[in-house]
Amino acid sequence: MDRHFINIVLVGLAFMILFTAFQATGMIAPSVLEGVKNDTINGTSFQGSGYISLAIVYTLFTIANIFAPVVVSTCGSSISMFIGGITCFLYVLSFISPMVWSYYLVSILFGIGAAILWTAQGVYLSRNSNEMTISRNTGVFWAMYQSSLIPGNLYVYLSIDTEMITRSVRYPLFTVFSIVSAVGIACFGLVIWRTFSERRRANSELLKNEEKVSCVDTVETLKIALRLLKTRNMLLLLIPFGYTGFALTFFQTVYPTCIGHLIKYGGGGLFGFITKPKTSLGRSRIVFVGFIVQLVFYYLVFINFPSDAPANETNNEAYFNFKLLISQILTFVGSFLIGLGDCSFHTQLFNILASQYKNTSASAFALFQLVQGGTSAVAYVYASSLAVEYQLLILVITLLLSTLALFVVLFSNANNDFDEASPLTIG
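Remember, it's a predicted structure, so these values are computed and weren't measured experimentally.

Engineer: Just give me the short version of the overall build of the protein chain, but keep the residues and values in it.
Structural biologist: From N to C terminus, the protein chain includes 17 helices and zero strands. Within the span of the protein chain, comprising 427 residues, buried residues form 57% of the whole. Put simply, the protein chain shows about 17700 Å² of open surface, and 68% of that area lies on carbon and sulfur atoms.

Engineer: Quick one: what's the story with the packing of aromatic side chains, residue by residue and with numbers?
Structural biologist: Evaluation of the coordinates by the stated rule reveals 26 aromatic pairs. When the ring of Phe-15 is compared with that of Phe-19, the centres are 5.8 Å apart and the planes differ by 5°; the resulting orientation is stacked. Highlighted residues: Phe-15 and Phe-19, both in helix α1 (residues 3–36), separated by four residues, approximately one helical turn. The pair Phe-15 / Phe-19 is uniform in exposure class, with both members buried.

Engineer: I'd love a proper account of the environment of Trp-193, names of residues and values included.
Structural biologist: Structurally, Trp-193 is set in helix α8 (residues 167–201). In this structure the C-alpha to C-alpha distance between Trp-193 and Ser-78, which are 115 residues apart in sequence, comes to 8.9 Å.

Engineer: Which residues make up a nonpolar patch on the surface, and what values do they have?
Structural biologist: Together, Ile-239, Tyr-390, Leu-393, Ile-397, Leu-400, Leu-401 and Leu-404 make up a nonpolar patch on the protein surface, roughly 650 Å² of accessible area in all. Ranked by the residues each element gives to the nonpolar patch, the list is headed by helix α16 (residues 388–410), at six residues. Relative to the elements of secondary structure, Leu-401 occurs in helix α16.

Engineer: Let's hear about the environment of Thr-195: which residues, and what values?
Structural biologist: Counting through the fold element by element, Thr-195 comes out in helix α8. A relative accessible area of 13% places Thr-195 in the buried class. Spatially, the C-alpha atoms of Thr-195 and Asn-7 are 8.9 Å apart, while their sequence positions differ by 188 residues. In this structure Thr-195 touches Ser-78 and Tyr-124, once residues within four positions along its chain are discounted.

Engineer: Summarise the pattern of salt bridges; cite the residues concerned and give the values.
Structural biologist: Inspection of the entire model under this criterion finds two salt bridges. For Glu-198, the salt bridge goes to Arg-3, with nearest N and O atoms at 3.3 Å. Of this pair, Glu-198 sits in helix α8 while Arg-3 sits in helix α1, and the two are 195 residues apart along the sequence. As a salt-bridge pair, Arg-194 and Glu-198 come within 3.6 Å of each other at their nearest N and O atoms. Highlighted residues: Arg-194 and Glu-198, both in helix α8, separated by four residues, approximately one helical turn. There is no split in this pair, since Arg-194 and Glu-198 are both buried. Linked through salt bridges whose partners overlap, the residues forming this network are Arg-3, Arg-194 and Glu-198.

Engineer: Run through the nonpolar core, naming residues and quoting values.
Structural biologist: In terms of nonpolar packing, the biggest core is built from 110 residues, with Phe-15, Trp-118, Leu-237, Phe-250 and Tyr-298 touching the most fellow members. Considering each element in turn, this core owes the most residues, 16 residues, to α1. A domain split of this core shows at least three residues from each of domain 1 (1–200) and domain 2 (215–412). If near-sequence neighbours (up to four positions away) are discounted, Leu-237 is found in contact with Leu-349, Ile-352, Leu-353, Tyr-357, Leu-406 and Val-409.

Engineer: Let's hear about helix α3 (residues 68–75): which residues, and what values?
Structural biologist: If you check which residues of α3 are buried, you get Ala-68, Pro-69, Val-70, Val-72 and Ser-73. Just beyond α3, the residue with positive phi is Gly-76, at close to 95°.

Engineer: Account for the packing of helix α6 (residues 134–146) against helix α14 (residues 324–356), with residues named and values stated.
Structural biologist: Axis separation between α6 and α14 bottoms out at 9 Å; the angle between their running directions is 140°. The angle between the axes of α6 and α14 places the two elements in the oblique class. Our pair here, α6 against α14, has a crossing hand that is right-handed. On α14, the residues touching Ile-134, Ser-135, Thr-138, Gly-139, Phe-141, Trp-142 and Gln-146 of α6 are Gly-339, Asp-342, Cys-343, His-346, Thr-347, Phe-350, Asn-351, Ala-354 and Ser-355. For the contact of α6 with α14, the per-class residue count stands at six nonpolar, nine polar and one charged.

Engineer: Outline the confidence of the model for the protein chain, listing residues and values.
Structural biologist: Mean pLDDT over the protein chain works out to 78, with 82% of the residues at or above the 70 mark. Confidence drops under a pLDDT of 50 for residues 204–216, and excluding neighbours within four residues, the segment shows 13 contacts in the predicted structure. Counted against residues more than four places away or in other chains, residues 268–275, with its pLDDT under 50, gives 23 contacts.

Engineer: Can you lay out the side chain of Gln-372 for me, pointing to particular residues and giving the numbers?
Structural biologist: Note that Gln-372 resides in helix α15 (residues 361–382). Looking at Gln-372, the relative accessible area reads 7%, which means it is buried. Contacts of Gln-372, omitting those with residues within four sequence positions, involve Phe-241, Thr-244, Gly-245, Leu-248 and His-346.

Engineer: Break down α16 for me, with residues and values.
Structural biologist: With 23 residues, α16 extends 32 Å from end C-alpha to end C-alpha; this agrees with the ideal 33 Å at 1.5 Å per step. Val-388, Gln-391, Leu-392, Leu-395, Thr-398, Leu-399, Ser-402, Thr-403, Ala-405, Leu-406, Val-409 and Leu-410 are the residues of α16 that are buried.

Engineer: Break down the packing of helix α4 (residues 77–93) against helix α5 (residues 100–127) for me, citing the residues and quoting the values.
Structural biologist: Relative orientation of the contacting elements α4 and α5 amounts to 150°, with a least axis distance of 7 Å. In terms of orientation, α4 lies roughly antiparallel with respect to α5. Our pair here, α4 against α5, has a crossing hand that is left-handed. In terms of residue class, the contact of α4 with α5 is made up of 14 nonpolar, eight polar and one charged.

Engineer: Tell me what's going on with the side chain of Thr-249, and back it up with residues and numbers.
Structural biologist: Here Thr-249 lies in helix α11 (residues 232–261). Take Thr-249: its relative accessible area is 2%, and that puts it in the buried class. At a separation of 3.3 Å, a polar atom in the side chain of Thr-249 contacts the main-chain carbonyl oxygen of Ser-376.

Cut-offs applied
Note that residues are indexed from 1 along each chain, following the sequence as it is written. Only residues with pLDDT of at least 70 are given local features in this predicted model, and only at 80 or more are side-chain atom pairs given and counted; all residues enter the totals for whole chains, interfaces and linings. Each side-chain value is derived from all of the structure's non-hydrogen atoms; neither hydrogens nor water enter the calculation. Strands here mean DSSP runs of E at least two residues long; helices mean DSSP runs of H or I at least four residues long; both are numbered from the N terminus. Exposure categories follow from relative accessible area, calculated using a 1.4 Å probe and restricted to protein chains: below 20% of the type maximum is buried, above 50% is exposed, and the middle band is partly exposed. Using a 1.4 Å probe, the Shrake-Rupley method yields the accessible areas, and only the shown protein chains count as cover for residues. Side-chain rings of Phe, Tyr and Trp, where Trp is taken by its six-membered ring, are said to pair if the distance between their centres is within 6.5 Å; with planes under 30 degrees apart they count as stacked, over 60 as edge-to-face, and otherwise as tilted. Here the term patch refers to residues with relative accessible area over 30% and no salt bridge, with like charges joined within 9 Å and nonpolar side chains (Val, Leu, Ile, Met, Phe, Trp, Tyr) within 5 Å. By salt bridge we mean one thing: a side-chain nitrogen of Lys or Arg within 4 Å of a carboxyl oxygen of Asp or Glu. Working rule for contacts: check all heavy atoms of both residues, and any pair within 4.5 Å makes them a contact. Working definition of a nonpolar core: buried Ala, Val, Leu, Ile, Met, Phe, Trp, Tyr and Cys residues. They are joined through side-chain atoms within 4.5 Å. Start and end points for every domain follow an automatic or database-based domain assignment. Convention adopted: a line fitted to C-alpha atoms gives each axis, helices being fitted over their contacting stretch, and angles between N-to-C directions are expressed from 0 to 180 degrees. With respect to orientation, any angle under 35 degrees is reported as roughly parallel, any angle over 145 as roughly antiparallel, any angle of 65 to 115 as roughly perpendicular, and every other angle as oblique. Crossing handedness: left-handed means the near helix sits turned counterclockwise from the far one by under a right angle, and right-handed means the same turn made clockwise. We call Asp, Glu, Lys and Arg charged. Ala, Val, Leu, Ile, Met, Phe, Trp, Tyr, Cys and Pro are nonpolar, and the rest, Gly among them, are polar. On a range of 0 to 100, pLDDT expresses the predictor's confidence in each residue. By definition here, a helix of n residues has an expected span of 1.5 Å times n minus one. We call two N or O atoms a polar contact when they sit within 3.5 Å, provided that within protein one can donate a hydrogen and the other can accept it, with sequence-adjacent residues counted only if both atoms are side-chain atoms.

Structure (structure tokens):
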């Protein structure tokens, strides 16, 4: 089997395991913290906010993406992923016995670590792919990553049978999640081992070249990102970059919160496995299908949830007052559709960045994470207060603009002249 494909599968496995714990933690964080506020920690009541924590995470994530390429180019992509994974582990671990100061501290650390983690992932994916394998590798990775939504949430569903997550429920729940995160970090350790093994097998000239690459000047790295922003394709890609941030906040936090607040209540890997188009037409079809799928999801949310569902528990009626069973079915279908639609967009974005910006991958992926983190942070500011229909309006408008921008980039003949002219490879 191709060693590059083994590398992709191994990194996908590491992300799947690590984010099995993190994704589930993020989705139940508001409910967990509501339970913590009923406990007493060191004689004082816990007043931390999940929305504030995630706003901190994505704000630091945005800022840190400016410097993430420097860390990746200095440490290498495999070690950088390991460092980022540790911060994710600490974030999950903090929920065992959360205190305000420690909760917000690990939020800061994870915001920085996540920027390093995802920039390094993009570089690693690019370095282990070529024009013939990039679609396959992107699809396989994203399918494995999206699969992390299933086991974590299934474990939560089977473990929690009470409305309030008490201390007796929280301790074993997050002990298991912490162990799972540690296993994910161990997988990153294996990635590091494979990287050094491959380097030892490489000839000395290659090692010299890689050593020169790893010492890229900080200022030069930032200049590359600024030069990328002067190209038409990158400016167009900023639109879908921003949309993914708004969508990420909605389906990972707002949507689960709406479900939890609906008193009457008491997967997304498919595109990853089928996304192997090698032409612009084939890729644009995936984008268009993702566009339709996400529109359907937003419509289902609009008709199924009342306006105030993101803010508090509610008995208000939605646009259509469905019976409980029908409402639950629509919620389940919506969960599958958003995973499918999100996967279609991310696989094509990763495909474009890894193929068109192969020689400047660290800077390109950092710009992606920078814009995505910025819009996610903005979304968390209004997530708990803005009525659900206005949040959906923002998503639909940016989804439409993103789809049009991706079509232009995919059918453009100017496939990033800057990248082809640059001799620099980062990571």
